2 protein chains.
Amino acid sequence: MSSALAPPEFSSRERPALVNGVPQAVVSVHDRGLQYGDGLFETLRCEQGRVRWFERHLARLGAGCARLRIPMPDGALLRREAESLIDGHSRALVKLVLTRGVAGGRGYRPSGDEQATRILTVHPWPAAGSPEFRVALSPVALACNRLLAGLKHLNRLEQVLAQQAAAAAGVDEVLMCSPSGQVISGSMSNLFVVQGGALVTPPLEEGGVAGIMRSLVLDLAPQVGIAVRIQPLSRQDLEAAPALFVTNVRLGVQAVHWYEGRRLHPDACGLRLQELIDRAEA
Amino acid sequence: MSSALAPPEFSSRERPALVNGVPQAVVSVHDRGLQYGDGLFETLRCEQGRVRWFERHLARLGAGCARLRIPMPDGALLRREAESLIDGHSRALVKLVLTRGVAGGRGYRPSGDEQATRILTVHPWPAAGSPEFRVALSPVALACNRLLAGLKHLNRLEQVLAQQAAAAAGVDEVLMCSPSGQVISGSMSNLFVVQGGALVTPPLEEGGVAGIMRSLVLDLAPQVGIAVRIQPLSRQDLEAAPALFVTNVRLGVQAVHWYEGRRLHPDACGLRLQELIDRAEA
């Protein structure tokens with residue numbers, strides 16, 4: 001990485017990282033995370049030295065570990081390690097990657113004796129993007145496997161291809177459809193559509209990631225009188241919607257200003273939700 | 001890795017590896033291969049100091065690089081690096097992993113400035129398995145994306161889950177179906193079914209890996225009068241087949257002796273093909 005690419009808050013020579021608690025920025029080439037994408041990740045929003053909504057991240061990671069049969073590390077240890085990396089930063093992202101660990105032999109079949117590898121890296125809070133958030137439909141579909149649906153696992157090539165397409169199209173985010181044509185999510189976000197005054201987000205039983213910000217919206221919206229429901233969405237539903245939002249822990253509740261050539265006016269519920277979420281402890 | 005797990009020919013302390021030509025066994029935690037499975041791999045069969053069927057591997061890797069827009073390394077360099085690792089071994093496997101390289105920033109979108117990482121590891125030739133090769137249907141489906149179909153990419157969680165299931169079922173390999181119920185391939189192999197005296201293998205436009213051994217069978221079978229065709233296969237076709245084979249560069253043309261409770265008698269074409277392939281230079 002050339003120093004010209006380094007973000008302002010961190011120099012290219014100090015991108016702090018911890019691997020199994022040890023300050024180092026390398027992993028074994030035999031790690032199954034590299035060899036097969038055999039692992040999970042979480043992107044943690046950190047503010048004033050604390051990880052936000054940590055219990056929600058831990059619950060999702062635990063569900064992923066159970067599904068993939070990777071031993072779940074101690075939550076308090078993960079929190080301590082994450083918070084040790086952000087000391088001195090008012091706001092940052094910590095990425096936690098948890099893999100099945102170093103392979104004893106060759107081949108997809110786990111031996112069962114692997115020791116999970118936990119990798120934490122810290123990233124400066126991104127500079128604000130363009131004031132207009134632009135979204136298009138992705139030309140890359142989201143292949144769906146119910147066994148992996150909802151998990152934030154390391155197999156993310158479709159999202160890489162989708163973001164290549166987004167870059168080529170000059171948009172910030174692209175919405176991805178299942179093979180059956182249902183809109184599932186953005187490449188790096190979940191989707192909420194305003195429909196009849198309520199917020200609607202697609203179910204994730206077939207594919208997609210059960211986002212932390214999505215779960216916050218689902219839990220908190222009713223508290224401020226905003227109806228929210230989980231329901232399949234088609235492309236036509238998107239075209240008919242007066243307002244769209246995409247959510248992730250970095251963007252929060254991000255209003256979409258432009259969708260496939262159409263200018264949208266952010267619905268006021270977005271700001272109300274964002275205020276509520278900003279205050280939410282868990 | 002405990003030394004008890006070490007294969008006979010290599011000690012646990014010397015699992016030779018090259019990263020971008022440098023003898024080392026670690027990669028950056030920021031490598032996109034680890035972060036997203038953003039890369040490709042090849043498993044090379046090496047005999048008497050030479051990589052077998054190298055041009056075929058190179059062609060598939062090149063097709064993958066073109067699809068993912070990863071710069072393709074020089075083929076002669078890859079061959080030299082692979083062959084430098086197997087010096088002194090009569091037979092071994094070299095795994096070549098090629099990733100998009102170290103991320104400059106965070107997020108799925110490639111900057112376009114990444115330098116691809118090439119990782120070569122050498123693995124002892126596996127000990128012969130049980131004389132009876134047992135195969136079952138996989139409870140794990142193969143999610144299909146035409147943009148990734150045929151490629152040997154690093155997103156292999158489905159194969160890991162399928163092999164976990166194979167281990168639990170006490171079988172060597174499991175056959176994976178697309179969401180529409182077509183049988184596509186084994187978790188680590190391609191499939192050939194004897195049907196009306198001909199060999200039939202499924203098309204790979206929807207999903208699966210375009211195996212090197214599969215391409216050798218397709219190219220060479222007609223030379224010894226064995227008809228071979230690419231055609232969709234259902235589970236019923238498997239149940240009706242008098243013989244099944246699975247193929248990869250490690251197993252070669254492996255006769256299936258047991259499929260879902262049914263004992264099968266290897267068709268003689270398997271041995272004829274294997275002899276032909278063993279002699280094939282390219």
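Further up the page is the structure itself.
Since we're looking at a predicted model, the values are computed, not measured.

(A) Geometry of the relation of the copies chain A and chain B. After a rotation of 180° and a shift along the axis of 0.0 Å, chain A superposes on chain B with an RMSD of 0.0 Å. Both copies of the chain, as the preceding transformation shows, are related through a two-fold rotation axis. Taken together, the interface assignments show that 98% of the residues at the interface of chain A recur at the interface of chain B, consistent with an identical surface on both copies.

(B) Examining the packing of aromatic side chains more closely. Applying the stated criterion across every chain, the model contains 2 aromatic pairs over all chains. With centroids separated by 5.1 Å and ring planes inclined at 65°, the aromatic side chains of Tyr36 of chain A and Tyr108 of chain A adopt a geometry described as edge-to-face. Of this pair, Tyr36 of chain A sits in helix α1 (residues 32-36) while Tyr108 of chain A sits in the loop between β6 (91-99) and β7 (117-124); the two residues are 72 residues apart in sequence, bridging distant segments of the chain. Accessibility expressed as a relative area gives 4% for Tyr36 of chain A, which makes it buried. Across from the ring centre of Phe41 of chain A, 4.5 Å away, lies the NZ or CZ of Lys95 of chain A, which sits over that ring. Across from the ring centre of Trp258 of chain B, 4.1 Å away, lies the NZ or CZ of Arg134 of chain B, which sits over that ring.

(C) Looking closely at the pattern of salt bridges. All names here are of chain B. For the structure on display, the rule yields 22 salt bridges over all chains. Arg79 serves as the salt-bridge partner of Glu83, at 3.4 Å between the closest nitrogen and oxygen. Placement of the pair is Glu83 and Arg79 together in helix α3 (residues 75-85), with a separation of 4 residues, close to one helical turn.

(D) Inspection of the pairing of strand β4 (residues 39-47) of chain B at higher detail. Residue and element names in this part refer to chain B. Counted residue by residue, β4 has 9 buried out of 9 residues, so it is predominantly covered. The side-chain alternation of β4 yields two buried faces, one formed by Gly39, Phe41, Thr43, Arg45 and Glu47 and the other by Leu40, Glu42, Leu44 and Cys46. As paired strands, β4 and strand β5 (residues 50-51) are joined by 2 bridges and run antiparallel to one another. In the strand pairing of β5, Cys46 is matched with Val51. Hairpin geometry of β4 and β5 is characterised by an intervening segment of 2 residues between the two adjacent antiparallel strands and by a positive phi of about 50° at Gln48.

Scoring rules and cut-offs
Residues numbered from 1 in each chain as written. Chains lettered and ligands numbered in written order. Predicted model: local features only at pLDDT ≥ 70, side-chain atom pairs only at ≥ 80, totals over all residues. Heavy atoms only, no water. Least-squares fit on C-alpha atoms with pLDDT ≥ 70 in both. Contact = heavy atoms within 4.5 Å. Phe/Tyr/Trp six-rings, centres within 6.5 Å; stacked < 30°, edge-to-face > 60°. Helix = DSSP H or I, 4+ residues; strand = E, 2+ residues; numbered from the N terminus. Buried < 20%, exposed > 50% of the residue type's maximum accessible area, 1.4 Å probe, protein only. Lys NZ or Arg CZ within 6 Å of the ring centre and 35° of its normal. Salt bridge = Lys/Arg side-chain N within 4 Å of Asp/Glu carboxyl O. Pairing = 2+ DSSP bridges.

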